[in-house]
Amino acid sequence: MRVAVLGCGSFGPHLVRNLAEAGVDDLVVFDPHEDRRERVAHAIPGVRAVPSVDAALHADAVVVTTPPDTHAALATLALEAGCHVLVEKPMTVNPHTARALVDLAFARERVLAVDHTALYEPAFTALQRGLAELGHVRGIHTVRRGRGSAVDELWDLAPHDLAVLDALWGPWSDVTCTRVAEVRRAEITLTWDDGRIATVTVEAGSPQTERATELVGDRGRLGVNALTHRGPVEPLRAVVDDFLRAIRTGVPTRSGGRLGARVVDAIAEAVRTSRARAGTPD
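Being a predicted model, the structure only gives us computed values, none of them experimental. Residue positions are given per chain, counted from 1 along the sequence in the order it is written. Selection of residues for local features in this predicted model requires a pLDDT of at least 70, selection of side-chain atom pairs for listing and counting requires 80 or more, and totals for whole chains, interfaces and linings are taken over all residues. Neither water nor hydrogens contribute to the side-chain values; these are computed over all heavy atoms in the structure.

Engineer: Even after reading the chapter, I still don't get the pattern of salt bridges, so can you show me in this structure?
Structural biologist: Once their charged atoms are close, side chains differing in charge can pair, the charge on each being opposite to the other. Each salt bridge in this description consists of a side-chain nitrogen of Lys or Arg and a carboxyl oxygen of Asp or Glu lying within 4 Å of one another. This model, assessed by the stated rule, comprises 23 salt bridges. In this structure, E153 and R179 form a salt bridge, with 2.9 Å as the shortest nitrogen-oxygen distance. Within this pair, whereas E153 is found in helix α7 (residues 153-169), its partner R179 is found in strand β8 (residues 174-180), the two being separated by 26 residues in sequence. By relative accessible area, E153 is classed as buried at 6%. Look at the salt bridges and you will find they share partners, linking R145, R185, E203 and E210 into a network. A run of H or I in DSSP counts as a helix once it spans at least four residues, and a run of E counts as a strand once it spans at least two, with each numbered from the N terminus. Accessibility here uses a 1.4 Å probe with only protein chains present; expressed as a share of the type maximum, an area under 20% marks a residue as buried, one over 50% as exposed, and anything in between as partly exposed.

So this is what it looks like as structure tokens:
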């Protein structure tokens, strides 16, 4: 199987390494910065750098790990070329392009997966157990803090916990959001038709790192700190294994395109409602 990785910035090399360790024997990489792609090719045995996106698309599968606003165009090119696609989160930054990718993958009978790494962490398994043990869980509260990146905090940090909530509870019915721009802090409130509620707090201007989730149920509460949960397998390796398994067997991935599109929908609505509350035009 030939796999091409588009993007050799901060995260791309980690995906290339995990693909190599997963046994992919034909790996190519492309990045518009020649020094980046050559550095990855020299660092990981068996990896070849190619000079263009078109050259990279001569592959069975493509991994897109470029800036979020480029995901839709690159994933579309890959699917149209007949490739299976794994795309970094968020899948796109527009609900229309996210749904278009889902439709295109379905039409071409290709795997479309999204790297929501939090779904493959031991903390997620602990939350699944908590749902089974706490009776009726009526509330979930998540907090994710850190220095973040140059990307808007909602698009950068919120996809992780939104993906977890979707996987635990299924699609929500309503999304609202408030933001404090000075500290790059946002709180998303999600509600379900049966009265369940979740809050997702993200803060990209914090010097401290925090990744915590609390379940509130009839039988008590459970707090899970993702930073202290470690497992035998690197979560990113689990993402890669799941994607490759889906290609080989046809079994859907844990983090497919439809989930990814719902996450994009939620963030877009969170941005819209936060602007409306602040009196900022769209």
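Engineer: Is there a simple way to explain the side chain of T92 in this structure?
Structural biologist: Within the secondary structure, T92 is located in the loop between β5 (84-88) and α5 (95-108). With a relative accessible area of 1%, T92 lands in the buried category. The definition of a polar contact used here is a pair of N or O atoms within 3.5 Å, where within protein one atom must be able to donate a hydrogen and the other to accept one, and adjacent residues in sequence count solely through side-chain atom pairs. Within the local environment of T92, its side chain forms a polar contact with the backbone nitrogen of A98, the two atoms lying 3.5 Å apart.

Engineer: Please clarify how the sheet that holds strand β10 (residues 197-203) should be interpreted in this entry.
Structural biologist: Either a parallel or an antiparallel arrangement is found when strands of a sheet pair, and the pairing is made through backbone hydrogen bonds. In short, DSSP must find at least two bridges between two strands for them to pair. Pairing in this open sheet of 6 strands is mixed, and the strands run β8-β9-β10-β7-β11-β12 from one edge to the other. Among the strands making up the open sheet, the edge pair consists of β8 and β12 (220-225). Across this sheet, the average inter-strand angle for adjacent strands is 10 degrees, counted without regard to direction. As paired elements, strand β9 (residues 185-191) and β10 share 7 bridges and run antiparallel to each other. Within β10, the residue paired with A186 across the bridge is V202. We call two residues in contact when some of their heavy atoms are within 4.5 Å. Here an angle of 0 to 180 degrees is reported between the N-to-C directions of two axes, which are lines fitted to C-alpha atoms, with helices fitted over the stretch in contact. The strands that helix α6 (residues 122-133) touches are β7 (137-145), β11 (210-217) and β12; relative to β12, the one it contacts most, it runs at about 175 degrees. In this fold α7 packs onto β7, β8, β9 and β10, with an angle of close to 155 degrees to the strand it touches most, β10.

Engineer: What is the right way to read the environment of S255 from this model?
Structural biologist: Here S255 shows up in the loop between α8 (235-249) and α9 (257-278). Taking C-alpha positions, S255 is 8.9 Å from L112, a pair spaced 143 residues apart along the chain. What S255 contacts, discounting residues up to four positions off in sequence, is A113, V114, H116, L119, Y120 and D242. A polar atom in the side chain of S255 sits 2.7 Å from the backbone oxygen of V114.

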